[in-house]
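Okay, here's what each chain looks like letter by letter:
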Amino acid sequence: THTTADRQKTVADNGLSYPVLDDSQGAVAKAYGAKTTPHMFVINKDGGLAYKGGIDNDPDGNKTDRVNYVGQALDELLAGKPVSVSETKSYGCGVKYAN
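Note that the structure is a prediction, hence the values are computed from the model and not measured.

Draft legend 1. Region of interest: the nonpolar core. Counting 7 residues, the largest nonpolar core is built from Val 42, Ala 50, Tyr 51, Tyr 69, Val 70, Ala 73 and Val 83. Elements that contribute at least two residues to this core include exactly β3 (49–53) and α3 (69–78). For Tyr 51, the residues in contact, after removing those within four places along its chain, are Met 40, Phe 41, Val 42, Tyr 69, Val 70, Ala 73, Val 85, Ser 86, Glu 87 and Thr 88.

Draft legend 2. Fine view of the environment of Lys 96. Residue position: Lys 96 is located in the segment after β4 (93–94). Its relative accessible area of 73% is what places Lys 96 among the exposed residues. At 3.3 Å, the side chain of Lys 96 and the backbone oxygen of Gly 94 are in polar contact.

Draft legend 3. Representation of α3 in the model. For α3, the complete set of buried residues consists of Tyr 69, Val 70, Ala 73 and Glu 76. With its buried residues spanning 135° around the axis, α3 presents them on a single face. Away from the buried face of α3 by more than 90 degrees, exposed residues Asp 75 and Leu 78 are located. On its buried face, α3 sits against β2 (40–43) and β3. A distance of 3.1 Å separates the backbone nitrogen of Val 70 from a side-chain oxygen at the start of α3, and that oxygen is part of Asn 68. Where α3 ends, the next residue or the one after it, Gly 80, has phi of about 75°, a positive value.

Rules of the game
- Residues numbered from 1 in each chain as written.
- Predicted model: local features only at pLDDT ≥ 70, side-chain atom pairs only at ≥ 80, totals over all residues.
- Heavy atoms only, no water.
- Core = buried A, V, L, I, M, F, W, Y, C linked by side-chain atoms within 4.5 Å.
- Buried < 20%, exposed > 50% of the residue type's maximum accessible area, 1.4 Å probe, protein only.
- Helix = DSSP H or I, 4+ residues; strand = E, 2+ residues; numbered from the N terminus.
- Contact = heavy atoms within 4.5 Å.
- Polar contact = N/O pair within 3.5 Å; in protein donor to acceptor, adjacent residues only side chain to side chain.
- Arc of directions from axis to C-beta.

By themselves these figures say nothing about function.
Okay, here's the thing in structure tokens:
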């Protein structure tokens, strides 16, 4: 288990200048219904859920026609467009919550 000091060191060592969520208790993951790791969520500027699901359409990592759903959603939001694919099936290991 990582401590707060470990997380702060990681932020400093990597020069992260944006907020980093410490959800070690799983409250945010539970609120969004995270089922796998990773399970991606894109929040729009108004705080609404714009996308949830897999990072891409390539769970096995071998597609040549990979679609990065998270990148696509972010690009569309930044361009002021609606998100064309707002939900996909997530994939990965199951989330194991502390409580």
